[in-house]
2 protein chains.
Amino acid sequence: MGQESQHGHGTASGEQVPAGRRVNAPADTGTATPTLNSIARALGVSRQTVSNVLNSPERVAEPTRSAVRGEIERVGYRPSAAARQLRTRRSRLLGFRMQDTTDGINGSILDRLLHALTARAHECGYALLVFAADGEAAEIAAYEDLRATNALDGFLLTSTNHGDRRADWLLEHDIPFVCFGRPWGRIDAATTRDHDWIDIDGRAGTDAATRLLAEDGARRIGFMGWPEGSGAGDDRFDGYVTAMEDLGHVPDLVDRVEDSFENGQGAAERLVAAGADALVCVSDSLALGAIARMRALGRHDVMDRVVGFDDTPIARAVGISSVDQPVEQAARRMVDLLIHRIEHPGASPASDPTDLLTPVVHRRRAT
Amino acid sequence: MGQESQHGHGTASGEQVPAGRRVNAPADTGTATPTLNSIARALGVSRQTVSNVLNSPERVAEPTRSAVRGEIERVGYRPSAAARQLRTRRSRLLGFRMQDTTDGINGSILDRLLHALTARAHECGYALLVFAADGEAAEIAAYEDLRATNALDGFLLTSTNHGDRRADWLLEHDIPFVCFGRPWGRIDAATTRDHDWIDIDGRAGTDAATRLLAEDGARRIGFMGWPEGSGAGDDRFDGYVTAMEDLGHVPDLVDRVEDSFENGQGAAERLVAAGADALVCVSDSLALGAIARMRALGRHDVMDRVVGFDDTPIARAVGISSVDQPVEQAARRMVDLLIHRIEHPGASPASDPTDLLTPVVHRRRAT
DNA sequence: TTGTAGGCGTTATCAA
DNA sequence: TTGATAACGCCTACAA
């Protein structure tokens, strides 16, 4: 194997430093960064063999293989993502867009998601690239740019809405992606192809919340939700309705408002005035508002019968019962789906609409 | 200029597709990805000229320049980050570690920071790579790995503590970074070199909070803080002490506990038992706990005189006065410092200890 | 002002 | 089983 003997045309390529060149040598610390070449040379094998040890170990004979591995370990070699990317057209990078405005309380679930996505991606050998973009158009522009320049392998989308054009664009351009949230608008639309997504069973969440209150003796359970038209909001409303009907109650105490603490106060007041003795809320902001107003009105009976949604830190701290979305599980599934799609192009979408993640209600008592 | 005429040794490099090769051609959509080469060829100029138009436009004559620009625009050319990175050793990527555990309420300020950092980096032509790592050792290992494989240009550190070894490691390895938080432990330590950081004047925050309460007629103002030993906590304590002394009061109503809602309840109860008629808190969790307990005890007088810290969404919603850290400003400065350091190695640290960002107190009334 | 040459570190193909 | 060769797209130095 001719240890150390430079064979062939003089020195191996990349080693002739025509004295006086020394381009951008980064503050020559004595030890140059190890590369496939340097390892190959040290061992007297070809750099292709070293590459094979990394990518198709079975094609390399045992003695060689362990020798190479030893050297790699010894010098702390790390393959260069740039070079690999240049060659393979893959970056092992996943894109995640930061919401332009975190409205705080509810936004916290997105942050939880981001944490979980990062962790899972890491386990799979991928990393997350986060970017900012205001509005749908800007977001699409960002996809285009990041895909072209940074070769992102795929994107993780959140809060998909009716008439969302991001998914269409990505489909058209054959870029892998997964959505957190069902394709509300497009489902059943024969003209559009399907795509990967995961979702949480909001309906099951409000259903469980409603039953929990019923168990506590509530009869006139009210619902505080978002205006009709948002997929998740309507879904959660359905859960309330079916649970109520199933329990033999009439789901007629309903107040649908934009999400905010203040609106929660107002809606709660109206609902109790109409006779509600308990409240199911589609968010913790609304629940928090409801509790505050109930307290102000001296309705401690109702205060103890409010259930929020998302199980935000505030709910935990203040002691509000809340529906907890299995975000970590969702993140794992999103990443796995996306990576599968990336590594097996051609495969058909793996999501099954019946396969929603089930949230769990935490029962608490306000402090 | 011989449009379209291939001059020199046959076709330009990279264009000979020895029929039957067609390696990984990604689903040949008819239009190949534009490159410097393809643009140069289309225009009959050399690829170097195109590169120059991008990187040193002044070296290219006008007619050529605009022709090139037109073509770039027309075909939607984007330089490949991988190729550029391979060549320049720079990725235009900044690293940000996700906290392993977001303890929720207070963690929200980190999320706000991340949003702001992302936005600012984007404006500067950089992107953020987020990664997960549990514990100091793992974080350092992540630096090493990301630096070696992904060529991250620098790192944005948060929550630096006493005896933090991350900064030491990064300094040793000459990797650019900035910290959110003063180098508490190492400041004045002659043995360690200095580094870039920014910080917020916590002392000014509690000072302002204390004065705000005094304006409202409070005399026996209590302080709810963290146990001695944390830089930020001690800093905030100092603000309270100096303000009180300056106002002619004695800063003797002090309770220092670990940060949590529950501890906030306990501390508040002890302090009012000792005679406090107002409370300055170093976090919104503590403030929230304080308010809850005051309400339970019927001390509405004190309830209206609680100031929190961080101005989290909950504080805004519930109506707690709170000290708002100028996070967006901090983020801008962090990114700018880091990028400066990256693009001008050798320059000395730019942070000036006297140059802290000043928070502002928002006055609110609980709902 | 523009063009030529060479190489950054990796992988794919094919020949030995 | 291993090695030689040729790109991937870009940038820097130098020559014309």
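These notes cover the structure that comes with them. Bear in mind the structure is a predicted one, so any value in this text is a computation, not a measurement.

Criteria and cut-off values
- Residues numbered from 1 in each chain as written.
- Chains lettered and ligands numbered in written order.
- Predicted model: local features only at pLDDT ≥ 70, side-chain atom pairs only at ≥ 80, totals over all residues.
- Heavy atoms only, no water.
- Helix = DSSP H or I, 4+ residues; strand = E, 2+ residues; numbered from the N terminus.
- Contact = heavy atoms within 4.5 Å.
- Salt bridge = Lys/Arg side-chain N within 4 Å of Asp/Glu carboxyl O.
- Buried < 20%, exposed > 50% of the residue type's maximum accessible area, 1.4 Å probe, protein only.
- Core = buried A, V, L, I, M, F, W, Y, C linked by side-chain atoms within 4.5 Å.
- Near = heavy atom within 4 Å.
- Polar contact = N/O pair within 3.5 Å; in protein donor to acceptor, adjacent residues only side chain to side chain.
- Buried area = accessible area lost by both parts, 1.4 Å probe.
- Nonpolar A, V, L, I, M, F, W, Y, C, P; charged D, E, K, R; others polar.

## Some remarks on the environment of Thr206 of chain A
All names here are of chain A. By secondary structure assignment, the location of Thr206 is in helix H8 (residues 202-215). Once the C-alpha coordinates of Thr206 and Glu62 are considered, the two residues, 144 residues apart in sequence, prove to be 59 Å apart. Those residues in contact with Thr206, other than ones at most four positions away along the chain, are Phe223, Asp235, Arg236, Gly239, Tyr240, Val280 and Phe309.

## Remarks on the pattern of salt bridges
Close approach of charged atoms lets side chains of opposite charge pair. Counted under the stated rule, the structure contains 59 salt bridges over all chains. For Glu139 of chain A, the salt bridge goes to Arg166 of chain A, with nearest N and O atoms at 3.0 Å. On the criterion of sequence distance, the pair formed by Glu139 of chain A in helix H6 (residues 135-150) and Arg166 of chain A in helix H7 (residues 165-172) is long-range, its members being 27 residues apart. Across the pair Asp164 of chain B and Arg166 of chain B runs a salt bridge, and its minimum N-O distance is 2.8 Å. Neither residue differs from the other here; Asp164 of chain B and Arg166 of chain B are each classed as buried. Here the residues in one salt-bridge network are Arg97, Glu139, Asp164 and Arg166 of chain A, joined through shared partners.

## Quick notes on the nonpolar core
Core analysis: the biggest nonpolar cluster contains 90 residues, and Ile221, Met224 and Leu279 of chain A together with Ile221, Met224 and Leu279 of chain B have the highest contact counts within it. Not counting the four nearest positions on each side in its chain, Leu279 of chain B is found in contact with Leu213, Gly222, Met224, Ala268, Leu271, Ala290, Val302, Arg305, Val306 and Val307 of chain B. Counting residues in hydrophobic clusters, the runner-up holds 54 residues, among them Leu156, Phe180 and Val335 of chain A together with Ile198 of chain B.

## Focus on the protein's contact with DNA strand C
The full set close to DNA strand C counts 31 residues, and Gln48 and Tyr77 of chain A together with Arg47, Thr64 and Arg89 of chain B are the nearest of them. For DNA strand C, the fraction of protein-proximal atoms (within 4 Å) that sit in sugar or phosphate groups is 65%. Backbone polar atom of Leu36 of chain A to a phosphate oxygen of DNA strand C: 2.6 Å apart, as the coordinates give it. In the environment of DNA strand C, a base oxygen lies 2.5 Å from a nitrogen or oxygen atom belonging to the side chain of Arg47 of chain B. Secondary-structure elements contributing two or more residues to the surface near DNA strand C are helix H2 (47-55) and helix H4 (81-88) of chain A together with helix H2 (47-55) and helix H4 (81-88) of chain B.

## Notes on the interface of chain A and chain B
With 40 residues of chain A in contact, the opposing surface of chain B contributes 40 residues. When chain A packs against chain B, close to 3,700 Å² is buried across both sides, 68% of that on carbon and sulfur atoms. Interface area lost by chain A to chain B is led by Arg78, His115 and Val130 of chain A, which between them contribute 14%. Where chain A meets chain B, there are two salt bridges. When the shortest N-O distance is used, the salt bridge between Asp145 of chain A and Arg78 of chain B registers 3.1 Å. The tally of links between chain A and chain B comes to six residue pairs in polar contact (both at pLDDT 80 or more). Elements with a contribution of two residues or more to the side of chain A that touches chain B: H4, strand S1 (93-98), helix H5 (108-123), strand S2 (127-132), H6, helix H10 (261-273), helix H11 (284-296) and helix H13 (313-318) of chain A. A class-by-class count of the residues in the side of chain A that touches chain B yields 24 nonpolar, 12 polar and four charged.

So, to be careful, I would describe these as geometric facts and stop short of saying anything about function.
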